[in-house]
Amino acid sequence: MKLKYTAAWVGLTAAAMVAATACGSGGAEKAAEKAAEKAAGTTDQAVDKTDMITAALTRATDRTEELGSAEVRTTTTLDATGGKPVSMDGTYSWGDGAAMDVEMDTAAARMSTVQDDPTTRVIMVDGAYYYDVDPQPSGPIAGKEWMRVDVAAVVGDAGADNMAANADPTATLRYMTASTEVEDLGEDTVLGKRTTHYRGSVGAEHIEKSDFTAAEKKAAIAALEASGGKLTCDIWVDGKDLPVRISQTGAGMTVNMDFVKFGATEEITAPPADQTGDLSDQVRQERDTAIGQ
């Protein structure tokens, strides 16, 4: 049985901001002094604002990391598929390794050959995807309720490592603090909550100059390279220092993610082994063949 497949884990990213200048000279010494003072004040204000943005995003990073999971509603739009939005709603967990348990559009997931329902439950945990399928009459998933595929079989070993390092909002928010290209757009109401709206972008040049560890820089730069080298992002943070919505664009893809509730989600576990058929080898072969063409 030959299957078409897709797999989704959305990693998040964004950034912080900078500005300033002044000069004066001429006949009126006092006027020059006042101009210099005013310019210095403008510079100080710009630096202060940048520091405030960075501090706000750092708090959001710490709070998000602390809570470790969330109920999330996500919509992904791919230019390559004609811009049709694909929804993926459920639980994301990052407290003890990246995991998710979501409902995804069956047709968008290319699972219609093995699932009659309009949505398909997809679990990712312990380095593998599990797709809830209709029991098949023959083949590797004959009589099975779940189809298992290694993440590495879908995205390659390097891609799997990259996802493991970047697949949570904590990574995104932390990368955001390294950038110099984020602005505070003021207050906005999102999902019924009063939030502060930040917009900006982050590239490898920001990460290289950051105080991240060597391992963190490597993971961040790999994530950016996979997204076309630079990501542009809008982030809305509420009064509890938590992201309410993140909208990210890069590499022909736009991801909108709403955080419905943080923490207190059920543990994500793999389906029973006796109800699972493994198609990792077949998917890996199809991927290698497609790459070689």
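Preceding this section is the structure that the text describes.
Residues numbered from 1 in each chain as written. Predicted model: local features only at pLDDT ≥ 70, side-chain atom pairs only at ≥ 80, totals over all residues. Heavy atoms only, no water.

A. How the structure looks around the packing of aromatic side chains. Counted according to the given criterion, the structure contains 4 aromatic pairs. Centre to centre, the rings of Tyr175 and Phe212 are 6.1 Å apart; their planes meet at 40°, and the pair counts as tilted. Here Tyr175, found in helix H3 (residues 169-176), pairs with Phe212, found in the loop between helix H4 (204-208) and helix H5 (214-226); they are 37 residues apart in sequence, far enough to count as distant. Among the aromatic residues, ring-to-ring pairing joins Trp94, Phe259 and Phe262 into one connected group. In this structure, Arg245 is placed above the aromatic ring of Trp236, and the distance from its NZ or CZ to the ring centre is 6.0 Å. (Phe/Tyr/Trp six-rings, centres within 6.5 Å; stacked < 30°, edge-to-face > 60°. Helix = DSSP H or I, 4+ residues; strand = E, 2+ residues; numbered from the N terminus. Lys NZ or Arg CZ within 6 Å of the ring centre and 35° of its normal.)

B. Representation of the pairing of strand E3 (residues 99-105) in the model. In terms of burial, E3 is largely enclosed, as 5 of its 7 residues are buried. Across 6 bridges, strand E2 (residues 85-93) lies against E3 in antiparallel orientation. The partner of Met88 across the bridge, within E3, is Met104. The turn joining E2 and E3, which pair antiparallel and follow one another in sequence, is formed by 5 residues; a positive phi near 95° is taken by Gly97. In terms of strand pairing, E3 meets strand E4 (residues 119-125) through 6 bridges, oriented antiparallel. Note that in E4 the partner of Asp105 across the bridge is Thr119. (Buried < 20%, exposed > 50% of the residue type's maximum accessible area, 1.4 Å probe, protein only. Pairing = 2+ DSSP bridges.)

C. Representation of the pairing of strand E5 (residues 128-132) within the structure. Along E5, 5 of the 5 residues are buried, which leaves the element largely enclosed by surrounding structure. Burial along E5 is two-sided: the face carrying Ala128, Tyr130 and Asp132 and the face carrying Tyr129 and Tyr131 are both buried. Examined bridge by bridge, E4 and E5 share 4 bridges and lie antiparallel to one another. Of the residues in E5, the one forming a bridge with Ile123 is Tyr130. Between the end of E4 and the start of E5, which pair antiparallel, lie 2 residues, with Asp126 showing a positive phi angle near 55°.

D. Here's a closer look at the sheet that holds E4. Across the sheet, 12 strands lie side by side as E7-E8-E9-E10-E11-E1-E2-E3-E4-E5-E6-E12; this open sheet has mixed pairing. The open sheet has two edge strands, strand E7 (182-190) and strand E12 (276-278), and neither has a second partner. On average, each strand axis in the sheet is inclined to that of its neighbour by 20°, with strand direction left out of account. Taken together, the 9 bridges between strand E1 (residues 69-78) and E2 define a ladder with antiparallel strand orientation. Within E2, the residue paired with Thr76 across the bridge is Val86. (Axes fitted to C-alpha atoms, helices over the stretch in contact; angles between N-to-C directions.)

E. Quick peek at the environment of Arg194. Within the fold, Arg194 resides in strand E8 (residues 193-203). Using a relative accessible area of 62% as the deciding quantity, one classes Arg194 as exposed. C-alpha separation for the pair Arg194 and Val237, spaced 43 residues apart in sequence, amounts to 8.4 Å. Setting aside residues no more than four positions away along its own chain, Arg194 makes contact with Glu187, Asp188, Val237, Asp238 and Gly239. (Contact = heavy atoms within 4.5 Å.)

F. Structural context of a negative patch on the surface. Taken together, the side chains of Asp89, Glu103, Asp116 and Asp117 define an acidic patch exposed on the protein surface. Within the secondary structure layout, Asp117 lies in the loop between E3 and E4. (Patch = residues over 30% accessible without salt bridge, like charges linked within 9 Å, V, L, I, M, F, W, Y side chains within 5 Å. Areas by Shrake-Rupley, 256 points an atom, 1.4 Å probe, with all protein chains shown as cover. Salt bridge = Lys/Arg side-chain N within 4 Å of Asp/Glu carboxyl O. Lys, Arg positive; Asp, Glu negative; His and termini not counted. Charge placed at Lys NZ, Arg CZ, Asp CG, Glu CD.)

G. Region of the structure containing unusual backbone geometry. Even without a glycine there, the phi angle at Leu191 is positive, about 55°. Not every positive phi belongs to a glycine, and Asp241 is a case in point at roughly 65°. Considering the arrangement of structural elements, one finds Asp241 in the loop between strand E9 (230-238) and strand E10 (243-250).

H. Quick peek at the pattern of salt bridges. With the rule as written, the count across this model stands at 13 salt bridges. One salt bridge connects Glu181 with Lys230, and the closest N-O pair in it is separated by 3.0 Å. Of this pair, Glu181 sits in the loop between H3 and E7 while Lys230 sits in strand E9, placing them 49 residues apart in sequence. Since its relative accessible area comes to 37%, Lys230 is described here as partly exposed. Salt-bridge contacts for Asp281 lead to Arg284; the nearest nitrogen and oxygen are separated by 3.4 Å. Placement of the pair is Asp281 and Arg284 together in helix H6 (residues 280-292), with a separation of 3 residues, close to one helical turn. Take Asp281: its relative accessible area is 54%, and that puts it in the exposed class. Look at Arg284 and you get partly exposed, because its relative accessible area is 28%. Residues joined by salt bridges that share partners form a network here, namely Arg148, Asp150, Asp278, Asp281 and Arg284.

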